[in-house]
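Spelled out from the first residue to the last, the chains are:
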Amino acid sequence: MNDIVCKISNDSGYMVMVAIAIVILLFVVLMVVISSMRIKSYKDRFINTEIDNQEKEALIADLQNELQNLKIKNAQNEQELQQFAETREKLGDTESKLEHLQTAHNALEKLQSETRAELDHTLNIFGKLTEEHKALNEKFEAVQEDNNKLHVNNARLLMKLESEARFASEMEKRSNHDKG
C-alpha cells in the first residue's frame with residue numbers, strides 16, 4: 001500500500017484521480033449520510049405522522065360518537081319540543097276553557113246572589129203575608145163569632161118577632177071575632 005501511496009504522490013495525474021476519487025467518495029459518503037439523515041428524519045416524521053393519525057383517528061372516532069350522541073339528544077330535544085308545543089297548545093285550550101268556565105261561574109254566582117236576594121225578599125214578603133194572614137184569620141174568626149152571635153140573636157129576635165106577630169094576629173082574630 002505504501003507503494004501505491006508513493007506512486008500516487010509522485011504522479012500528479014494519479015493524484016488528481018485520487019483527489020477526484022476522494023471527492024467522489026466524500027460526495028457519495030456525504031450523500032449517503034444526508035440521505036440516511038433524511039431517511040431517519042422522514043422515518044421519524046412518518047412515525048410522528050402515524051402517531052398523530054392514530055390520535056386524530058381516535059379523536060375523530062370520539063367526535064363521531066359525540067356527534068351521534070348529540071344527534072340522538074337533538075332528536076330527543078326536538079321530540080320534547082314538539083311535545084312542549086302540543087302541551088302549550090293544550091294549555092292554551094285549557095286556559096281558554098277555564099276562562100270560559102270562570103266567566104260562566106261568575107255569571108252563575110251573580111245569578112245565584114240575585115236569586116238569593118230575590119228569595120230573601122220573597123221570604124220576607126211571605127213572612128209579612130203569613131203574619132197578615134194570621135191576623136186576618138184571627139179577625140175572621142172573631143168576626144165569625146160575632147156573626148154567629150148576631151145570627152143567634154137575629155134568630156131569637158125573629159122567633160120573638162114571629163111569636164109576637166102570631167100573638168098579635170091571634171089577638172086581632174079574637175078581637176075581630178069578639179067584634180063580629
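The structure presented is a predicted model; accordingly, all values stated were derived computationally and were not measured.

### Here's the deal with the overall build of the chain
Right, so step 1: For the chain, the count of helices and strands is two helices and zero strands.
Right, so step 2: What you see for the chain is a C-alpha radius of gyration of 72 Å, clearly larger than the 16 Å of a compact globule of 180 residues, by over 25%.
Right, so step 3: By its C-alpha atoms, the chain is 235 × 20 × 20 Å across when sized along the principal axes.
Right, so step 4: Counting over 180 residues, the chain shows a buried share of 1%.
Right, so step 5: For the chain, the accessible surface area stands at approximately 17100 Å², while carbon and sulfur atoms represent 60% of it.
Right, so step 6: Put simply, the chain has 23 plus and 31 minus side-chain charges, and the middle of one group is 5 Å from the middle of the other.

### Considerations on the pattern of salt bridges
Right, so step 1: Enumeration according to the criterion identifies one salt bridge in this entry.
Right, so step 2: In this structure, K40 and D44 form a salt bridge, with 3.7 Å as the shortest nitrogen-oxygen distance. With a gap of four residues between them, K40 and D44 both fall in helix 2 (residues 12-179), about one helical turn apart.
Right, so step 3: A residue is classified by how much of its surface remains accessible, and K40, at 53% relative accessible area, is exposed.

### Some thoughts on a nonpolar patch on the surface
Right, so step 1: Taken together, the side chains of V16, I20, I24, F27, V28, L30, M31, V32 and I34 make up a nonpolar region of the molecular surface, amounting to roughly 790 Å² of accessible area.
Right, so step 2: Here I24 is to be found in helix 2.

Each value, and the rule that gives it
Residues numbered from 1 in each chain as written. Predicted model: local features only at pLDDT ≥ 70, side-chain atom pairs only at ≥ 80, totals over all residues. Heavy atoms only, no water. Helix = DSSP H or I, 4+ residues; strand = E, 2+ residues; numbered from the N terminus. Rg over C-alpha atoms; globule rule 2.2 N^0.38 Å. Buried < 20%, exposed > 50% of the residue type's maximum accessible area, 1.4 Å probe, protein only. Areas by Shrake-Rupley, 256 points an atom, 1.4 Å probe, with all protein chains shown as cover. Lys, Arg positive; Asp, Glu negative; His and termini not counted. Charge placed at Lys NZ, Arg CZ, Asp CG, Glu CD. Salt bridge = Lys/Arg side-chain N within 4 Å of Asp/Glu carboxyl O. Patch = residues over 30% accessible without salt bridge, like charges linked within 9 Å, V, L, I, M, F, W, Y side chains within 5 Å.

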